[in-house]
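# Topology and contacts: notes
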Amino acid sequence: MFRNTLWNLLGEGLPMLAALLSIPWLLAAVGMERFGALTLIWALLGYLAVLDLGLGRSLVQIVAERVGRGGARSERDGPGLDKGGGAEGTAGIAGPAIAIMALLGLLTGGVVAALAGGLADRFLLGSGTPSKEIRDSLMVVAAIVPIALVSAGLRGVLEAYQRFRPINLVRMTVGVLNYLSPLCVLPFSQSLVPVIAAIAVGRLIGMVAYGVLAVRLVPDLVRPARYGRQSLRRLFTMSAWMMLNNLIGPAMLYADRFILLSLVPAALVAFYTTPFEILTRLMVVPGALSMALFPLASSLFRRDPAALPRMLDAAGHLTLAVFLAVQAGVIVGGDTVLELWLGPAFAANSGPILSILTLGVFFNATAYVPYTLIQGVGRVDVTARLQLAELPVYLGVLWFLADRYGATGAAIAWSLRTAADCGLLLVLLPRLAPGTGAAARTIGLRAGTAGLAGLAGLLIGGPLGAAVGLLGLAAVGWGVVRRLLGTRSWRRLSGKHLSASRLSAPIRQSRRDIVPDRLVDTV
């Protein structure tokens, strides 16, 4: 689990480093106007994931569950991991799902192409970039849409089989090409069209690489005649709930700034959005962990239920350790960093908001683990219903507090919501995954104590408040570190233990037979 998490962090981190290195050169080469349009196109490409209607994530859960039930091939079936023709085959689920995602991509790409002219006018926003150039760029973006959705489906198959090393080697390659390939065309043209075309080539390379890896795992993906008569009803039901999660989550994440903009001057919103953007970048850590947890929980839920408490214990305490350190770092040096970076006036206004949001981010990160485990055991409907129930309450509290206290009130509302969400998820998880109650109570108690310590420090204020907050965090941190060092949960979640957990011989063998190191290194 931890090895997969590190690969996921690399898959996110290397493209971010490429962005930091390439953006100054791109800005200097294409100018502010074209670079602004390019950033909007990047943002559009970044939101393509929501267009799969939840099919990608649902595919991971169902295929991983089939693997855990022993739906993979037997030893005598030859070099492919899954023949996919029988009732237990995964190709009968994965193949149609990927085909549907390809169709969705073609339809959505067609809509983008049809609206390219109107969208180009909106992208201009008074800049000097020719309308035809942006329109042609959007036509290239339209071609990327089906590539992106098919890639998501193929990657879902690989995630279900926990092939995170090759997945992230491909992700790193595509992510780096996303930022560095435009630099290769700039000596020949400053137009956006070849720049976006270079990005499209990188996405196409990624899709081909995912396809090669997925077909080596499940050969019948390219043999529709052998799909069998698989029922897709559960896939569509789960994807509907997953889509609801994907829609409500971002709505609650970004509602605060829209409400703030309607209540306070736009200049004051920056005091809120700046620390918010900084802190939410840290969500890459629990995000990488949850990406590794999700197929693992789906695979082991019925085959080895005792593994779920170990997952919760190990992953939950690891998340607590990381974000206790973040919380302590903000108490010690948050104001100083803001002052050095953006000046004393900005730090004076944004410092208290940073401290409040840090508490919210702490609870939000802690909630990732129970949220992922609930979805991993197939109860996507529970997280969707919970978010549906939270949304109107949160919006009401947000409007009330933001109207009274401005950006500080918005920060309080967001942090209260994440704390409530974390607590509810930890309460619900033992009802859905028996045996996780003790670990959920321990993590909830430690998270709550750390939150109260941080809150006490905020209310007291000054050096004394900082000392109180740090003392409370240190006490919780000592218990978390002792748990991490003393428990064997992390060892039991290693690759060696999973083999002993009867995940099945074919899966153990597949790393050697199906995805050799030399193949991985080439994609």
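Residues numbered from 1 in each chain as written. Predicted model: local features only at pLDDT ≥ 70, side-chain atom pairs only at ≥ 80, totals over all residues. Heavy atoms only, no water.

### What to know about the overall build of the protein
As a reminder of what qualifies: Helix and strand labels come from DSSP, where a helix needs a run of H or I of at least four residues and a strand needs a run of E of at least two; each type is numbered from the N terminus. With a 1.4 Å probe rolled over the protein chains alone, any residue whose accessible area is under 20% of its type maximum counts as buried; one over 50% counts as exposed, and the rest are partly exposed. Here, two residues are considered to be in contact whenever any of their heavy atoms come within 4.5 Å of each other. Accessibility throughout is a Shrake-Rupley quantity obtained with a 1.4 Å probe, and a residue counts as covered only by protein chains that appear here.
Summing up its helical and strand segments, the protein has 19 helices and 0 strands in all. A buried classification covers 54% of the 523 residues belonging to the protein. The contacts of the protein with a sequence gap of at least 6 include a subset with a gap of at least 24, amounting to 83%. Taken as a whole, the protein presents about 22500 Å² of accessible surface, with 67% of it coming from carbon and sulfur.

### Regarding the nonpolar core
Rules: Residue types Ala, Val, Leu, Ile, Met, Phe, Trp, Tyr and Cys, when buried and joined through side-chain atoms within 4.5 Å, form a set referred to as a nonpolar core.
Core analysis: the biggest nonpolar cluster contains 69 residues, and Tyr272 and Met311 have the highest contact counts within it. Contributions of two or more residues to this core are made by helix H8 (233-263), helix H9 (266-280), helix H10 (284-300), helix H11 (307-342), helix H12 (344-376), helix H13 (380-432), helix H14 (437-460) and helix H15 (462-486). Here the element with the most residues in this core is H13; it accounts for 17 residues. Grouped together as the second largest cluster of nonpolar side chains are 40 residues, Val63, Ala160, Ala214 and Met291 included.

### Quick word on the pattern of salt bridges
Let me state the cut-off plainly: Here, a salt bridge means any Lys or Arg side-chain nitrogen found within 4 Å of an Asp or Glu carboxyl oxygen.
As enumerated under the stated definition, the model contains 5 salt bridges in all. Between arginine 417 and glutamate 390 there is a salt bridge, with its nearest N and O atoms 3.9 Å apart. Arginine 417 gets classed as buried once you look at its relative accessible area, which sits at 13%. By relative accessible area, which is 10% here, glutamate 390 ends up buried. Through salt bridges with shared partners, a single ionic network connects Arg379, Asp381 and Arg385.

### A few points about the confidence of the model for the protein
For clarity, the cut-off: One number per residue, pLDDT, summarises how confident the predictor is, and it ranges from 0 to 100.
Of the residues in the protein, 80% reach a pLDDT of 70 or more, and the chain-wide mean stands at 78. Averaged over each element, pLDDT in the protein is lowest for helix H19 (residues 517-522) (30) and highest for H14 (92). Under a pLDDT of 50 for its full length, residues 71-88 has, in the predicted model, 57 contacts with residues more than four places off or in other chains.

### Comments concerning the packing of aromatic side chains
Rule in force here: Within 6.5 Å between ring centres, the rings of Phe, Tyr and Trp (the latter by its six-membered ring) count as paired, and their orientation is classed by plane angle as stacked under 30 degrees, edge-to-face over 60, tilted in between. Only when the NZ atom of a Lys or the CZ atom of an Arg is both within 6 Å of the ring centre and within 35 degrees of the ring normal do we say a charge sits over the ring.
Within this structure, the stated rule accounts for 4 aromatic pairs. Ring plane angle 20 degrees and centroid distance 5.7 Å describe the contact between tyrosine 272 and phenylalanine 276, whose orientation is recorded as stacked. One end of the pair, tyrosine 272, and the other, phenylalanine 276, are both in helix H9, 4 residues apart, so they sit about a helical turn from each other. In terms of burial, tyrosine 272 and phenylalanine 276 fall into one category: buried. Cluster of aromatic residues (ring-pair linked, three or more members): Tyr272, Phe276 and Trp414. In this structure, arginine 417 packs its charged tip against the face of tyrosine 394, placed 5.4 Å from the ring centre.

### Examining the environment of valine 208
Note on placement: valine 208 falls in helix H7 (residues 192-217). Valine 208 sits in the partly exposed class, given a relative accessible area of 47%. Once the C-alpha coordinates of valine 208 and isoleucine 147 are considered, the two residues, 61 residues apart in sequence, prove to be 9.5 Å apart.

### Regarding the environment of arginine 404
Following the sequence through the fold, arginine 404 ends up in helix H13. Residues arginine 404 and leucine 263 lie 141 residues apart in sequence; the distance between their C-alpha atoms is 9.5 Å.

### Focus: the packing of H12 against H14
Threshold: For every element, the axis is a line fit to its C-alpha atoms; helices are fit only across the contacting stretch, and the angle between N-to-C directions ranges from 0 to 180 degrees. When describing relative orientation, an angle under 35 degrees is termed roughly parallel and one over 145 degrees roughly antiparallel, while 65 to 115 degrees is termed roughly perpendicular and anything else oblique.
For the pair H12 and H14, interaxial distance at closest approach is 10 Å and the crossing angle is 175 degrees. Relative to H14, the element H12 is oriented roughly antiparallel. Residues Ser355, Ile356, Leu359, Phe362, Phe363 and Thr366 of H12 touch H14, and the partners they reach there are Ile443, Ala447, Gly448, Ala450, Gly451, Gly454, Leu455 and Leu458.

### A short note on unusual backbone geometry
Outside of glycine, negative phi angles account for most residues, and trans bonds account for most peptide bonds. A positive phi is found at glutamine 162, a non-glycine position, where the angle reads about 60 degrees. Position of glutamine 162 among the secondary structure elements: in the loop between helix H5 (131-160) and helix H6 (164-185). On the accessibility criterion, glutamine 162 (12% relative accessible area) is buried.

### Regarding H12
Keep this limit in mind: Here the expected span of a helix is defined as 1.5 Å times the quantity of residues minus one. Here the bend at each residue means the angle between axes fitted to two seven-residue stretches, the one ending at that residue and the one beginning there.
When the terminal C-alpha atoms of H12 are compared, their 46 Å separation across 33 residues agrees well with the 48 Å that a helix rising 1.5 Å per residue should span. At serine 350, H12 shows its maximal bend, which comes to roughly 45 degrees, and the proline proline 352 appears one to four places after that position. For H12, the tally of buried residues reaches 25 of 33 residues, placing the bulk of the element in the interior. Two residues or fewer past H12, glycine 378 is found with a positive phi of approximately 95 degrees.

### A word on the side chain of serine 58
Positionally, serine 58 belongs in helix H2 (residues 55-68). Here serine 58 is in contact with Leu235, Met238, Ser239 and Met242, once residues within four sequence places are set aside.

### Re the packing of H11 against H12
Where H11 meets H12, the axes come as close as 9 Å, and the angle between the chain directions of the two elements is 175 degrees. Here H12 runs roughly antiparallel to H11, going by the angle between their axes.

### A word on a nonpolar patch on the surface
What counts, and what does not: Surface patches are drawn from residues lacking salt bridges whose relative accessible area is over 30%; two like charges belong together within 9 Å, two nonpolar side chains (Val, Leu, Ile, Met, Phe, Trp, Tyr) within 5 Å.
A cluster of nonpolar residues, Leu14, Leu17, Leu20 and Leu21, forms a patch on the protein surface that exposes about 410 Å² of accessible area. On the secondary structure map, leucine 21 appears in helix H1 (residues 2-46). Judged by its relative accessible area of 55%, leucine 21 falls in the exposed class.

### Some words on the environment of tyrosine 210
Within the secondary structure layout, tyrosine 210 lies in helix H7. Separated by 55 residues in the primary sequence, tyrosine 210 and arginine 155 have C-alpha atoms spaced 6.1 Å apart. Ignoring any residue separated from it by four or fewer positions in sequence, one finds tyrosine 210 in contact with Ser151, Leu154, Arg155, Leu158, Ile167, Val170 and Arg171.

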